[in-house]
Amino acid sequence: IRLSGKNLRISVNDPLGNLTIDRLFFQIRNIGQAYEVQVRCGIIAIPAGRSFGLKHVETGLRIDGTVERTFASSDLRVRFDSLTSNLLNVARPTFRVTLRDGMWQLRKIQDKAPLDLQASYDQSSERVRLSFVADQFRPEYYFTFGPDLERYAPWLTSVVSGNASLSYSLPTHGFTYN
């Protein structure tokens, strides 16, 4: 099987907000027990409820990797090109997204930033985990605040070292922090 699309546009208007995917190019092809996936597009999202003060998000997106034919596992590289919003701007964050045995994992791909970010979601326990490790990390070198948070920009000059983790249970709404 080989499926591809070129220069497509998809717009979704929903009570949760509006989503526009434009300049969508994709290719999916069968490689044995998996599908090779390549996606490139632009995305504009405008949430209706302004959750956490978020009014808009705009980015380019590239996805490359494989998805098992049964969709039980995946291994994808996800890169955002110039992720901008009214809250935060990041130049080119790149992540590895995997699914194995009901566990979704997202990990920042190693780059020059002295920062390791990880997130996971366990489908069986419905638990979300976030963690980071930083060593002399200066946020101002890697992202800026958007217009709605500009007044906090001096905080980005701080040097951050340490680690933290947060775990949240969706069914019980309980969380732990270290």
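It should be noted that the structure appears before, not after, this text.
The model shown is predicted, which means the values in this text are computed figures rather than measured ones.

So, how was this worked out
- Residues numbered from 1 in each chain as written.
- Predicted model: local features only at pLDDT ≥ 70, side-chain atom pairs only at ≥ 80, totals over all residues.
- Heavy atoms only, no water.
- Helix = DSSP H or I, 4+ residues; strand = E, 2+ residues; numbered from the N terminus.
- Buried < 20%, exposed > 50% of the residue type's maximum accessible area, 1.4 Å probe, protein only.
- Contact = heavy atoms within 4.5 Å.
- Areas by Shrake-Rupley, 256 points an atom, 1.4 Å probe, with all protein chains shown as cover.
- Lys, Arg positive; Asp, Glu negative; His and termini not counted.
- Charge placed at Lys NZ, Arg CZ, Asp CG, Glu CD.
- Salt bridge = Lys/Arg side-chain N within 4 Å of Asp/Glu carboxyl O.
- Pairing = 2+ DSSP bridges.
- Phe/Tyr/Trp six-rings, centres within 6.5 Å; stacked < 30°, edge-to-face > 60°.

## Considering the overall build of the protein
For step 1, the next point in the chain: From N to C terminus, the protein includes zero helices and 13 strands.
For step 2, the next point in the chain: If you line up the protein on its principal axes, its C-alpha atoms span 50 × 35 × 35 Å.
For step 3, the next point in the chain: Taking all 178 residues of the protein together, 28% fall into the buried category.
For step 4, the next point in the chain: Considering only intrachain contacts with a sequence separation of at least 6, the fraction spanning at least 24 residues in the protein is 38%.
For step 5, the next point in the chain: When the accessible area of the protein is evaluated, it comes to approximately 11,700 Å², of which 57% is carbon and sulfur surface.
For step 6, the next point in the chain: Across the protein, the 22 positively charged side chains and the 17 negatively charged ones have centroids separated by 5 Å.

## Thoughts on the pattern of salt bridges
Two side chains of opposite charge can pair, provided their charged atoms sit close to one another.
For step 1, the next point in the chain: In total, this model carries 12 salt bridges according to the counting rule given.
For step 2, the next point in the chain: Linking Asp-81 and Arg-79 is a salt bridge whose minimum nitrogen-to-oxygen distance equals 2.8 Å. Considered together, Asp-81 and Arg-79 belong to a single accessibility category, that of buried residues.
For step 3, the next point in the chain: Glu-140 is paired through a salt bridge with Arg-138; the nearest N and O atoms lie 2.5 Å apart.

## Overview of unusual backbone geometry
For step 1, the next point in the chain: Positive phi is not limited to glycine here, since Asn-7 has a value of about 55°.
For step 2, the next point in the chain: With respect to the helices and strands, Asn-7 occurs in strand S1 (residues 2–14).
For step 3, the next point in the chain: Under the relative-accessibility criterion, Asn-7 is labelled exposed at 53%.
For step 4, the next point in the chain: For Ser-82, which is not a glycine, the phi torsion comes out positive at approximately 55°.
For step 5, the next point in the chain: Here Ser-82 is to be found in strand S5 (residues 74–85).
For step 6, the next point in the chain: By relative accessible area, Ser-82 is classed as partly exposed at 43%.

## Things to note about the pairing of strand S8 (residues 103–108)
For step 1, the next point in the chain: Summarising the sheet, strand S7 (residues 94–100) and S8 pair through six bridges and their orientation is antiparallel. Its bridge partner being in S8, Val-97 is matched across the sheet by Leu-106.
For step 2, the next point in the chain: Connecting S7 to the next strand, S8, in antiparallel fashion are two residues, including Asp-101 with a positive phi near 50°.
For step 3, the next point in the chain: Taken together, the five bridges between S8 and strand S9 (residues 115–122) define a ladder with antiparallel strand orientation. Among the inter-strand pairings, Trp-104 is bridged to a residue of S9, identified as Tyr-121.
For step 4, the next point in the chain: In textbook terms, the turn of a hairpin is the stretch between consecutive antiparallel strands, and for S8 and S9 this stretch comprises six residues.

## Notes on the packing of aromatic side chains
For step 1, the next point in the chain: All chains considered together, the criterion is met by five aromatic pairs.
For step 2, the next point in the chain: Among the aromatic residues, those joined into a ring-pair cluster are Phe-137, Tyr-141 and Tyr-142.

## Re the pairing of strand S12 (residues 160–169)
For step 1, the next point in the chain: Of the strand pairs in this sheet, strand S10 (residues 127–137) and S12 are connected by nine bridges, and their pairing is antiparallel. Residue pairing for S12: Val-128 is matched across the bridge by Tyr-168.
For step 2, the next point in the chain: Bridge count between S12 and strand S13 (residues 175–177): three bridges; the pairing is antiparallel. Bridged to Tyr-168 within S13 is Phe-175.
For step 3, the next point in the chain: Two successive antiparallel strands, S12 and S13, enclose a turn made up of five residues, where His-173 displays a positive phi of approximately 60°.

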